[in-house]
Amino acid sequence: MTQNNAPRLLLAGTGSGCGKTTVTTAILRALQRRGVTLSAFKCGPDYIDPMFHTAVLGVPSRNLDLFFEDEAGIRSQLARHIRPDGFGVIEGVMGFYDGVSGTTDTASAAHLARATGTPAVLIVRPKGQSLSLAAQIHGFRTFAENTLAGVILNGVSAGMYSFYKQIAEKAGLPVLGFLPPVPEAEIPDRHLGLVTADELSDLCEKIDWLADAAEEGIDIHALCALAQTAKPLADTHMPLARVTDFPVRIAVAKDRAFCFYYEDNFDVLRELGAELVPFSPLTDERLPENIDGLYLGGGYPELYDKRLSENEIMRNSIKKGIQNGLPTVAECGGFLYLLQSLDGVEMAGVLPTSAHMTRRLQPFGYVTLTANSDNLLCEAGGQFPVHEFHYAQAVDNGTDFRAVKPNGRAWDCGFATDTLYAGFPHLYFRAKTEIAANFVRKCAERSGK
């Protein structure tokens, strides 16, 4: 067991849309300019926000999710991935107290901050408020046990900052600065949230504009001093035992259509003995050579459906591989790609159903899956936690798993055989490493070395 005393902060929000990602990105770049060695994290299951962290830092951002891992596991993750001479920045999720069920703060940013002894800074957008701002902040400060230690005001002009600061400080928390509106740095959004970092050709300029504003308006020195009050962390992680004596090659779809992956999933696969081979269903003609498995993650296949369809050689390569027993995990966007069609556009044709995009979220959130029969990931009756977030609706979601939400709502979903998992739910391998081990083991059996 090793101990890590590196400073860290959690940047929380009053709710979705208050500007957590904007403020976090601005602070990351401002700290980076000071030569600070940074590690970034995201509370919860989001894929897009970590992409912006990664774009700033050039190193992977990681998810910290107390639905998927217990408190000791999360503390180990932080201790393992923040360099002892570094600085950790964690972006919160939704509102500070918003947890799994909606009625408790379990797995919320507040829970994460408490469990890891991390000081939290509340990001508040005071638009349309005056004295009520103090009541709002006071409510967050006193509602439940927390580590709140400061406030940043977002979307406030320099001229109005002193007015809002005077009001906010009535709530009993120090105000550590403000981020003004930076119109030229605005990041557009779409149905699943912000557009991805790779889609913005001027992203570096936008980040620098935000950092310039942060340098002027936010007390970076005070943030660094606050981060020093974080409690020490212990890394109790034990590396996973390899399930194969030789590396197995797993092809991973990575391009603009397939870009939603947990970095920790890659870590788990590598620990178990996998070599990950990236490829693009958009631009490559065929699957990589000499592969033993296939991983199709989530993303935006609906935005690239025609290009995916036009790449017929790739579609046929994937269909043939899966039909010939290539062990495959296909989550959400990867699942859509394996259908007969998406919005009437021909897809890979592996599964006997189609889907279309809707204007509203389909059943989403944290879910526990129970297998209805033996399959690639587990035996019948096996359970593991997952997450769903999608606007697509399939004619047939599959029936090989039973999904149950924390509130009790349940439905059948997923297509699974002894070599395939395909469905809307996203997997988090660290939550149940046996499912990843079974996947890698099946890949090794196929390799037959």
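As a reminder, the structure under discussion sits directly above these lines.
Described below are features of the structure shown in this document. From a predicted model like this one, the values you see are computed outputs, not experimental measurements.

**Section: helix H5 (residues 132-142)**
The complete set of buried residues in H5 reads Leu133, Ala134, Ile137 and Phe140. The buried side chains of H5 occupy one side of the element, clustering within an arc of 130° when seen end-on. Buried residues along H5 sit in contact with strand E2 (8-13), strand E6 (120-124), strand E7 (148-154) and helix H6 (158-168).

**Brief notes about the environment of Val59**
With respect to the secondary-structure elements, Val59 resides in the loop between helix H2 (48-57) and strand E4 (62-64). Between the alpha carbons of Val59 and Leu38 there is a distance of 9.0 Å; along the sequence they are 21 residues apart. For Val59, the residues in contact, after removing those within four places along its chain, are Leu38 and Thr54.

**Observations concerning the sheet that holds strand E15 (residues 293-296)**
An order of E14-E12-E15-E17-E27-E26 is seen for the six strands of this open sheet, with the pairing classed as mixed. The open sheet has two edge strands with one neighbour each: strand E14 (274-279) and strand E26 (415-416).

**Quick look at the packing of aromatic side chains**
Where two aromatic rings form a pair, the distance of their centres and the angle of their planes describe that pair. Enumeration according to the criterion identifies 24 aromatic pairs in this entry. The interplanar angle of 35° and the centroid separation of 4.3 Å between the aromatic rings of Phe67 and Tyr366 together place this pair among those described as tilted. One end of the pair, Phe67, is in the loop between E4 and helix H3 (71-81); the other, Tyr366, is in strand E21 (residues 365-371), and 299 residues separate them in sequence. Pairing Phe335 with Phe424 gives two aromatic rings, centres 5.0 Å apart and planes at 75°, and the pair type is edge-to-face. Of this pair, Phe335 sits in helix H12 (residues 333-337) while Phe424 sits in the loop between strand E27 (420-423) and strand E28 (426-427), placing them 89 residues apart in sequence. In this pair, the class of Phe335 matches that of Phe424, namely buried. Each member of the aromatic cluster is reached from another via a ring pair, and the members are Tyr47, Phe67, Phe68, Phe260, Tyr262, Tyr300, Tyr366 and Tyr428. For the cation-ring pair, Lys405 lies above Phe364, with the distance from its terminal atom to the ring centre recorded as 5.3 Å.

**Here we look at the sheet that holds E2**
Taken in spatial order, the seven strands make up an open sheet running E4-E3-E5-E2-E6-E7-E8, and their pairing is parallel. Looking at which strands have only one partner, the edges of the open sheet turn out to be E4 and strand E8 (175-179). Strand after strand, the sheet turns through a mean of 25° between neighbouring axes, direction not considered. Running over the sheet, helix H1 (residues 20-33) touches E2, strand E3 (38-43), strand E5 (87-91), E6, E7 and E8 and is turned about 170° from E5. The strands that H2 touches are E3, E4 and E5; relative to E3, the one it contacts most, it runs at about 175°.

Basis of the calculations
Residues numbered from 1 in each chain as written. Predicted model: local features only at pLDDT ≥ 70, side-chain atom pairs only at ≥ 80, totals over all residues. Heavy atoms only, no water. Buried < 20%, exposed > 50% of the residue type's maximum accessible area, 1.4 Å probe, protein only. Helix = DSSP H or I, 4+ residues; strand = E, 2+ residues; numbered from the N terminus. Arc of directions from axis to C-beta. Contact = heavy atoms within 4.5 Å. Pairing = 2+ DSSP bridges. Phe/Tyr/Trp six-rings, centres within 6.5 Å; stacked < 30°, edge-to-face > 60°. Lys NZ or Arg CZ within 6 Å of the ring centre and 35° of its normal. Axes fitted to C-alpha atoms, helices over the stretch in contact; angles between N-to-C directions.

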